[in-house]
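Chain by chain, the residues run as shown.
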Amino acid sequence: MKLQTKIISVLMPLMIVPLLVTGWLSYRQMARSVEQRTVAEMQAKLAQAAVEVDTTLVTARANLELFANASLLSQYLLTPDAEQRYTVLQKPLLRLFASYQAAFPAYSEIRVLLPDGTEDVRRRNRLDEPRLSADLDKAFFSALSAAQGQHAAFVHDEVTGRVAFLLGAPIRLRGPDQDPLTTVVPLRGYLVIGVRPDFMAARVHGERIGKQGSLFVTDDHGHVLYHRLDGLGATLPAIMHHETVGHAQPFVAPIKGTETILLSRGVFENVKLFAMLPVSEVLADGKALGTWAALVTLVAIAVAASLLFLFVRLVLVRPIQELSRAAHEIGEGNLERRILIGRKDEVGELATAFDDMRRNLAASNERVRQIAYFDQLTGVPNRTLFHEFLPEAIAQTRLRNDKLALLLLDTDNFKRINDTLGHDAGDRLLREMAARLESCLRTSRKRPGVTPNGEHDLVARLGGDEFICVLPLVKSRTTAGMVARRILDAATQPLDLQGHEVLVTTSIGIALYPDDGEDAEELIKHADIAMYEAKRTGKNTSRFYAPAMAINYAERLALEGELRRALERGEFRLHYQPIVDLESGDIAGAEALLRWQHPERGTIAPDAFMAVAEATGLIRGIGVWVLREACHQLKAWMAAGLDAMTLSVNLSSVQFQDAELATRVAETLDEVGLPARRLQVELTESTIIQSETAVAELLNKLHARGVRIALDDFGTGYSSLSYLRRFPIDALKIDKSFVSNLGDASDKAIVQAIIAMAESLRLDVTAEGVEEQGQLDFLRHSGCHLIQGYWFAKPSPPEQFLSLRNQIRERCGHSATRMRVADA
Ligand code: C2E
Ligand code: CA
Ligand code: CA
């Protein structure tokens, strides 16, 4: 389970339960207060009604007293003569009563009773006002006469349906003939007022409790007097027996089959006021409240839950995720990764701690790197960094199709300074050397990385007094040579070591990619060889690598001696490789290739000794032999029928240093008796470069004599078109490296360009190193018809040469057939 889920599943209940409890409690509280409010409303309505009854009765009592004391009434009652009373006084009295009733319309009747209960005068407000039944009337009179003063009663005459408050008061009057001092005042009669309780009906109809609640009035027996509820019924005896009736306590009873809350109050002895409200309405209010409470609680829960979720995400989960991502990246080695939690709490502290850890790690990594990749004495990169850097730099140079130079330096007199002035002086010298080297090169001011950035040179100390420089940006040998010159100048500036002025000299070996080596190992080896050559040939100088240097000195001496003897002992042989004319299918010529038939080591190819032969100049003697031998052989083959063939002989650049070369060749031709046109000499572009004028002179002489001239290994060197025009060249030989690489589109294009160019300059063109049918087909297709290569024949001893003809014809025909098929 995820941390977020865990925290939320623990915290959610902690939050939700109190919310639910609070919601429930407040719902209960509100529901109760709804009930209480309902009861309070009922009580208030009842109280108002009761007060109205009271007020009405209090007023009626006061009026009764007032009316009873009216002088007209007194006069009336004191008039003994009945005749006079009825005829004279009764009318004004009735008018008086009428005026009362006009003022108090509820006083439905005003009566005067005689002391024995006989009704003497009655004034009714409305004529239809029914009389009270005799029993009730009699009962009221007995109660009135029994009472000492006023008497009031509420009557409900079930027979007539009359409902009224009856109030009566005795009237005692002293007659004019009576002694005012007698205490006993004689009773003359009673005044009775009947009050119609219309006001109660009005109130019952006017009041409303809640929505469906109302008031109603009953008498003691449960007869309903006033109500506003349809079909309530005339009596409600059931509720009258309820114990709380009249006690202002709410109770629940069915009314019209509906559970109803009831509250009652007794007014006036036998009148009951009721307030009622269906339970369902209170419940509905409660339910609405409950819905609200539930809704509010749910919203609160939702809001709280989202806040909790956000909080947990923001405060815990996000920072932890960020931390874990950072930890991951740091773990994978990205020590630059910063941890971004700008907070001051525990998580923030953790992040800070993490970040400190990362920084320490980066720092110690940097220290380790410093120790692993940099020379502690001079501060420049060490051997390890160099060995990782160089292959990368070579790979980049290869991609850019560019050159790279490696300069290996060795201080010439370091050991002597170290021995005489001590190690401290030696250390200072090395530091100074490193600084001077860096000042001569475009090194990165920043700490160099293992991977070259394509902009900066690299200076590294390999150990001892050996430094190496990688120049990934040199465009040519000349630039590399200039840099070496600059370094030599800087190195030889006098240096003050402990009061001694010391002069330091350096030897530099230079190797170039790709000229002197295809990979790092080869380049380093060759720079090393060149450096030793520089030391050997005088120190305080630089040398470019040359293959001849590759032979170590001792070996070289031995080889030199053996080579010298080999010539004397006749250990050299010539092998011949046919050059085939595809158009005729015959041998067009052959190239003479030198072999050394060593008595112990067997046949040795020229690559193994040519460098020494050239370096020692032995090639001159060998060359003379080759030329004579080849010419004799050609003469023999011409005699054997190959009279149209041309024989190619390779000439080394050293041979061109001999000003008599052309004369020698001419002499040999004469001596053997060979037409000059049958001989072709091959030389490389590098030979021309060494001394253009001297070579040009010799070539012109040879050409004038009729000897054909071919440029060998064409395409690998300078391939300057101007040579082809300035020198008397007859033929080009496409270098075998192109032929073997015809799978490559750009090499294909180069070969085709060379062929086209040769054609336009009317030069013969020969492809060398053809080993496969496909190469042959391509060359034929591209217009090159002179082919040399293993596909037809390897160089072989002359005895076997003639027998090659059949094999060659066969191969030629075979491929021609295939070509035709392909063309079709
Ligand atoms: P080169 O003049 O370019 O000679 C052609 C080289 O290519 C020969 O190597 C030959 O054996 C080789 N070759 C021919 N066809 C094929 C082929 O199909 N596949 C492959 N892989 N190689 C093929 P070789 O005989 O070892 O001679 C090497 C070099 O030594 C020559 O290169 C030439 O520069 C030099 N050399 C040979 N003989 C003499 C000589 O008499 N005088 C001088 N000065 N140099 C010579
Ligand atoms: Ca050649
Ligand atoms: Ca060649």
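All of the points below concern the structure found in this document. Source: prediction; values computed, not measured.

Notes on the packing of helix H1 (residues 3–68) against helix H7 (residues 279–331)
Then step 1. Two elements in contact, H1 and H7, have axes separated by 8 Å at closest approach and are oriented at 160°. Viewed along their axes, H1 and H7 adopt a mutual orientation that is roughly antiparallel. In the crossing of H1 with H7, the sense of the turn from one axis to the other is right-handed.

Brief notes about a negative patch on the surface
Then step 1. Taken together, the side chains of Glu518, Asp519, Glu521 and Glu522 present a region of like negative charge at the surface.
Then step 2. By relative accessible area, Glu518 is classed as partly exposed at 47%.

Observations concerning the coordination of the calcium ion (ligand 2)
Then step 1. Looking at the calcium ion (ligand 2), one finds its protein donor set to be Glu591 (OE), Asn650 (OD1), Glu682 (OE) and Asp712 (OD), positioned 2.0 to 2.3 Å from the metal centre.
Then step 2. Written as a sequence motif, the donor arrangement for the calcium ion (ligand 2) is E-x58-N-x31-E-x29-D.
Then step 3. Between the calcium ion (ligand 2) and the calcium ion (ligand 3), both coordinated by Asp712, there is a metal-metal distance of 3.9 Å. Remark: Asp712 occurs in strand E23 (residues 708–714) and Glu682 occurs in strand E22 (residues 679–684); sequence separation between them is 30 residues.
Then step 4. Look at Glu682 and you get buried, because its relative accessible area is 1%.
Then step 5. With a relative accessible area of 8%, Asp712 lands in the buried category.

Remarks on the site of ligand 1
Then step 1. Taken together, 23 residues lie around ligand 1, and Gln577, Arg595, Asp712, Glu771 and Tyr790 are the ones closest in.
Then step 2. Taking Lys736, its side chain carries an N or O atom lying 3.2 Å from an oxygen atom of ligand 1.
Then step 3. Residue Tyr790 places a main-chain N or O atom 2.7 Å away from an oxygen atom belonging to ligand 1.
Then step 4. Contact with the protein chains covers 85% of the free accessible surface of ligand 1, which is 790 Å².
Then step 5. Of all elements in the fold, only strand E19 (586–598) and E23 reach the threshold of two or more residues within the shell around ligand 1.
Then step 6. Class assignment for the residues of the shell around ligand 1 results in 9 nonpolar, 6 polar and 8 charged.

What to know about the sheet that holds strand E5 (residues 187–195)
Then step 1. Strand order across the open sheet formed by 5 strands is E2-E1-E5-E4-E3, with antiparallel pairing between neighbours. Each edge of the open sheet carries a strand with a single partner, namely strand E2 (119–124) and strand E3 (151–156). Geometrically, the sheet is characterised by an average inter-axis angle of 20° between neighbouring strands, direction not taken into account.
Then step 2. Here 6 bridges tie E3 to strand E4 (residues 163–172), and the two strands are oriented antiparallel to one another. Residue pairing for E4: His151 is matched across the bridge by Gly168.

Describing the packing of helix H10 (residues 414–421) against helix H11 (residues 423–440)
Then step 1. Axis separation between H10 and H11 bottoms out at 6 Å; the angle between their running directions is 140°. As far as their axial angle goes, H11 and H10 are oblique. Together, Phe414, Ile417, Asn418 and Leu421 of H10 and His423, Ala425, Gly426, Leu429 and Leu430 of H11 make up the contact between the two elements.
Then step 2. Classifying every residue of the contact of H10 with H11 by side-chain character gives 6 nonpolar, 3 polar and no charged.

Considerations on unusual backbone geometry
Then step 1. The omega angle of the peptide bond from Tyr513 to Pro514 is 0°, so this bond is cis rather than trans.
Then step 2. Considering the arrangement of structural elements, one finds Pro514 in the loop between strand E16 (506–513) and helix H13 (520–536).
Then step 3. Although it is not a glycine, Asn401 sits at a positive phi angle of roughly 60°.
Then step 4. As for its position among the elements, Asn401 is in the loop between helix H9 (383–400) and strand E11 (404–411).
Then step 5. Its relative accessible area of 72% is what places Asn401 among the exposed residues.
Then step 6. With phi around 55°, Arg762 is a residue other than glycine that occupies positive phi space.
Then step 7. The topology assignment puts Arg762 in the loop between helix H22 (745–760) and strand E25 (764–767).

So, the state of the cysteines
Then step 1. One pass over the full model with this rule turns up 0 disulfides.
Then step 2. Cys440 takes part in no disulfide bond, and the closest cysteine sulfur, belonging to Cys469, lies 8.6 Å away.

Brief notes about the pattern of salt bridges
Then step 1. Using the criterion set out here, one finds 42 salt bridges in the structure.
Then step 2. Of the charged contacts in the structure, one is a salt bridge between Arg805 and Asp586, with a shortest N-O distance of 3.4 Å. Separated by 219 residues along the polypeptide, Arg805 in helix H25 (residues 804–823) and Asp586 in strand E19 bring together distant segments of the chain.
Then step 3. By relative accessible area, which is 22% here, Arg805 ends up partly exposed.

A few points about a nonpolar patch on the surface
Then step 1. Taken together, the side chains of Val17, Val21, Trp24 and Leu25 make up a nonpolar region of the molecular surface, amounting to roughly 410 Å² of accessible area.
Then step 2. If you trace the backbone, Trp24 turns up in helix H1.
Then step 3. Trp24 gets classed as exposed once you look at its relative accessible area, which sits at 52%.

Section: the pairing of E22
Then step 1. Counting buried residues in E22 gives 5 out of 6 residues, a clear majority hidden from the surface.
Then step 2. Taken together, the 4 bridges between strand E21 (residues 646–650) and E22 define a ladder with parallel strand orientation. Its bridge partner lying in E22, Val649 is registered against Val681.
Then step 3. Handedness of the crossover joining E21 and E22 through helix H17 (residues 661–672): right-handed.

Structural notes on the environment of Leu404
Then step 1. For Leu404, the location among the structural elements is in strand E11.
Then step 2. With a relative accessible area of 0%, Leu404 lands in the buried category.
Then step 3. Leu404 sits 68 residues away from Pro472 along the chain, and the two C-alpha atoms are 4.6 Å apart.
Then step 4. When neighbours within four sequence positions are excluded, Leu404 is seen to be in contact with Leu390, Ala393, Ile394, Thr397, Val470, Leu471, Pro472, Val474, Ala511, Leu512, Tyr513 and Leu523.

Examining the nonpolar core
Then step 1. Residues Tyr576, Leu732, Leu779, Ile787, Phe792 and Phe801 are the most contacted members of the largest nonpolar core, which totals 84 residues.
Then step 2. In terms of residues, this core owes the most to one element, helix H16 (residues 618–639), which gives 10 residues.
Then step 3. Setting aside anything within four residues of it in sequence, one finds Leu779 in contact with Val739, Val751, Ile755, Ala767, Val770, Cys784 and Ile787.
Then step 4. Among the nonpolar cores identified, the runner-up in size contains 54 residues, and Tyr76, Phe199, Ile209 and Val282 belong to it.

Digging into the sheet that holds strand E10 (residues 271–278)
Then step 1. Taken in spatial order, the 5 strands of this open sheet run E7-E6-E10-E9-E8, and their pairing is antiparallel. Looking at strand neighbours, the two that pair on one side only are strand E7 (224–226) and strand E8 (251–255), the edges of this open sheet. Strand-to-strand twist across the sheet, computed as the mean angle between neighbouring axes with direction ignored, equals 45°.
Then step 2. Here 2 bridges tie strand E6 (residues 214–219) to E7, and the two strands are oriented antiparallel to one another.

Quick notes on the packing of aromatic side chains
Then step 1. Evaluated as defined, the whole model comprises 16 aromatic pairs.
Then step 2. Ring geometry for Trp24 versus Tyr27: centroids 5.6 Å apart, planes at 40°, classification tilted. Of this pair, Trp24 and Tyr27 both sit in helix H1, 3 residues apart, which is roughly one turn of that helix.
Then step 3. Aromatic rings pair up to connect Phe67, Phe97, Tyr100, Phe104 and Tyr107 into one cluster.
Then step 4. The ring of Tyr86 carries Arg85 above its face, with NZ or CZ at 5.7 Å from the centroid.
Then step 5. It is Lys794 that lies over the ring of Tyr790; its NZ or CZ is 4.8 Å from the centre.

The rules behind each value
Residues numbered from 1 in each chain as written. Chains lettered and ligands numbered in written order. Predicted model: local features only at pLDDT ≥ 70, side-chain atom pairs only at ≥ 80, totals over all residues. Heavy atoms only, no water. Axes fitted to C-alpha atoms, helices over the stretch in contact; angles between N-to-C directions. Helix = DSSP H or I, 4+ residues; strand = E, 2+ residues; numbered from the N terminus. Parallel < 35°, antiparallel > 145°, perpendicular 65-115°, else oblique. Left-handed = near helix turned anticlockwise from the far one by under 90°. Patch = residues over 30% accessible without salt bridge, like charges linked within 9 Å, V, L, I, M, F, W, Y side chains within 5 Å. Areas by Shrake-Rupley, 256 points an atom, 1.4 Å probe, with all protein chains shown as cover. Salt bridge = Lys/Arg side-chain N within 4 Å of Asp/Glu carboxyl O. Lys, Arg positive; Asp, Glu negative; His and termini not counted. Charge placed at Lys NZ, Arg CZ, Asp CG, Glu CD. Buried < 20%, exposed > 50% of the residue type's maximum accessible area, 1.4 Å probe, protein only. Donors = N, O, S within 2.8 Å, 3.2 Å for Na, K, Ca; no water. Near = heavy atom within 4 Å. Polar contact = N/O pair within 3.5 Å; in protein donor to acceptor, adjacent residues only side chain to side chain. Nonpolar A, V, L, I, M, F, W, Y, C, P; charged D, E, K, R; others polar. Pairing = 2+ DSSP bridges. Contact = heavy atoms within 4.5 Å. Disulfide = S-S within 2.5 Å. Right-handed = clockwise from strand over helix to strand, strands pointing away. Core = buried A, V, L, I, M, F, W, Y, C linked by side-chain atoms within 4.5 Å. Phe/Tyr/Trp six-rings, centres within 6.5 Å; stacked < 30°, edge-to-face > 60°. Lys NZ or Arg CZ within 6 Å of the ring centre and 35° of its normal.

The analysis is restricted to geometry; functional conclusions fall outside its scope.
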